[in-house]
Amino acid sequence: MGWDALQHWGTDASRRERLTGGVANDVWSVQVGGRLAVARLGTRSDADLAWETGLLQHLDRNGMTVPLPIPTLDGRLFVDGLVVMQFLEGGPPETEVDWRRVAETLHQLHRLTRDWPQRPGWRSSTDLLRADRGTRIDLTAMPPDAVVRCRAAWARLAGRQTSVIHGDANPRNILMTTDRVALVDWDESHVDVPDLDLELPHNAADLDPVTWDIAQQASAAWEAAVCWKDDYAIKRLAQVRGG
């Protein structure tokens, strides 16, 4: 159905402007019910989108600022890969103080989602010590020596508490105002070790040197595997030490 599915949010629902930053999805600002919103069209399964929209509702109920899904006229949160979400104002973090506010918001996410079920079809970094594939990752496409290096980095996370991680907490996905921090673009969120979210500028999460090194190495390995084999993936792989 594609963008024709937008009619389920009302006969007056319409696209306004394509937004930058979407890689796996087509993202637009839209007008729905007389208000500005953001719509994302992709190829994720219904189970995947049910997990994501359910997570956002849970976080909203517990005081976090997230792009809450807007239901269709008949109450559905997604239709044929299309999700419509609230539009949020704000700007990116710029100072060390800003990044410390981001770190606390990520800690809040991690506290609220301990024992959360895994996103359907996804694997955590430590799952990939045994599995070869998981949604965005296919280790069989990587050179064997690269897989060994990535797995050595992820092995250092084994046995740690897991929770939902945002998975892409870069400045483009953080919208700050004076009184709140909003995390947007939850397309990479899944259950994993929280330290993967905490390799932040200024070491804003106050990780000790060993934990920082583990987080940096595991994050570099994850991004290398997810993006394989573009230039960014090769750059990130070069940052992963041998086992």
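Residues numbered from 1 in each chain as written. Predicted model: local features only at pLDDT ≥ 70, side-chain atom pairs only at ≥ 80, totals over all residues. Heavy atoms only, no water.

Chemist: So what's going on with the sheet that holds strand β2 (residues 26–32)? Which residues, and what values?
Modeler: Within the open sheet, the four strands sit side by side as β1-β2-β3-β4. Their pairing is antiparallel. Two strands close off the open sheet at either side, each with one partner strand: β1 (14–18) and β4 (82–86). Pairs of neighbouring strands in the sheet enclose a mean axial angle of 35°, with direction left out of account. Examined bridge by bridge, β2 and strand β3 (residues 35–41) share seven bridges and lie antiparallel to one another. Bridge pairing in β3 links Ser29 to Val38. (Pairing = 2+ DSSP bridges. Helix = DSSP H or I, 4+ residues; strand = E, 2+ residues; numbered from the N terminus. Axes fitted to C-alpha atoms, helices over the stretch in contact; angles between N-to-C directions.)

Chemist: Describe the side chain of Glu188, and please don't skip the residues or the numbers.
Modeler: Tracing the chain through its elements places Glu188 in the loop between β9 (181–183) and β10 (190–192). When residues no more than four places from it in sequence are discounted, the contact partners of Glu188 are Arg119, Trp122, Arg136, His166, Gly167 and Asp168. (Contact = heavy atoms within 4.5 Å.)

Chemist: So what's going on with the layout of surface pockets? Which residues, and what values?
Modeler: The computed volume of the largest pocket comes to approximately 1,500 Å³. Along its surface, the largest pocket is lined by 48 residues, and Asp168, Asn170, Arg172, Asn173 and Asp185 are the ones closest to its centre. Those elements giving two or more residues to the lining of the largest pocket turn out to be β3, β4, β10, α4 (209–227) and α5 (231–238). With five residues, α4 is the largest single contributor of residues to the lining of the largest pocket. Partitioning the lining of the largest pocket into residue classes produces 23 nonpolar, eleven polar and 14 charged. (1 Å grid on protein atoms, 1.4 Å probe; cavity = no way out; pocket = protein on both sides within 12 Å on 5 of 7 lines; lining within 4 Å. Points joined across faces, edges and corners; volume = space filled by probe spheres on them. Nonpolar A, V, L, I, M, F, W, Y, C, P; charged D, E, K, R; others polar.)

Chemist: Could you give an account of α5, with specific residues and numbers?
Modeler: Residues of α5 that are buried include every one of Ala233, Arg236 and Leu237, and no others. The arc that holds every buried residue of α5, seen down its axis, measures 100°, which confines them to one face. Among the exposed residues of α5, those pointing more than 90 degrees away from its buried face are Asp231, Lys235 and Ala238. Against α3 (144–155) and α4 lie the buried residues of α5. Capping the start of α5 is the job of one residue whose side-chain oxygen sits 3.1 Å from the backbone nitrogen of Tyr232: Asp230. (Buried < 20%, exposed > 50% of the residue type's maximum accessible area, 1.4 Å probe, protein only. Arc of directions from axis to C-beta. Polar contact = N/O pair within 3.5 Å; in protein donor to acceptor, adjacent residues only side chain to side chain.)

Chemist: So what's going on with helix α1 (residues 46–61)? Residues and values would help.
Modeler: In an α-helix, one turn spans 3.6 residues, which is why side chains three or four residues apart end up on the same side. An ideal rise of 1.5 Å per residue puts 22 Å on 16 residues; α1 measures up with 22 Å between its terminal C-alpha atoms. Along α1, the residues classified as buried are Asp48, Leu49, Trp51, Glu52, Thr53, Leu55, Leu56, His58 and Leu59. Positive phi appears at Gly63, one or two residues downstream of α1, with a value of about 95°. (Expected span 1.5 Å × (residues − 1).)

Chemist: Give a description of the side chain of Asn173 that names residues and reports values.
Modeler: In this structure, Asn173 sits in the loop between β7 (163–165) and β8 (174–176). With sequence-adjacent residues up to four places away left out, Asn173 is seen in contact with His166, Asp168, Ala182, Leu183, Val184 and Asp185.

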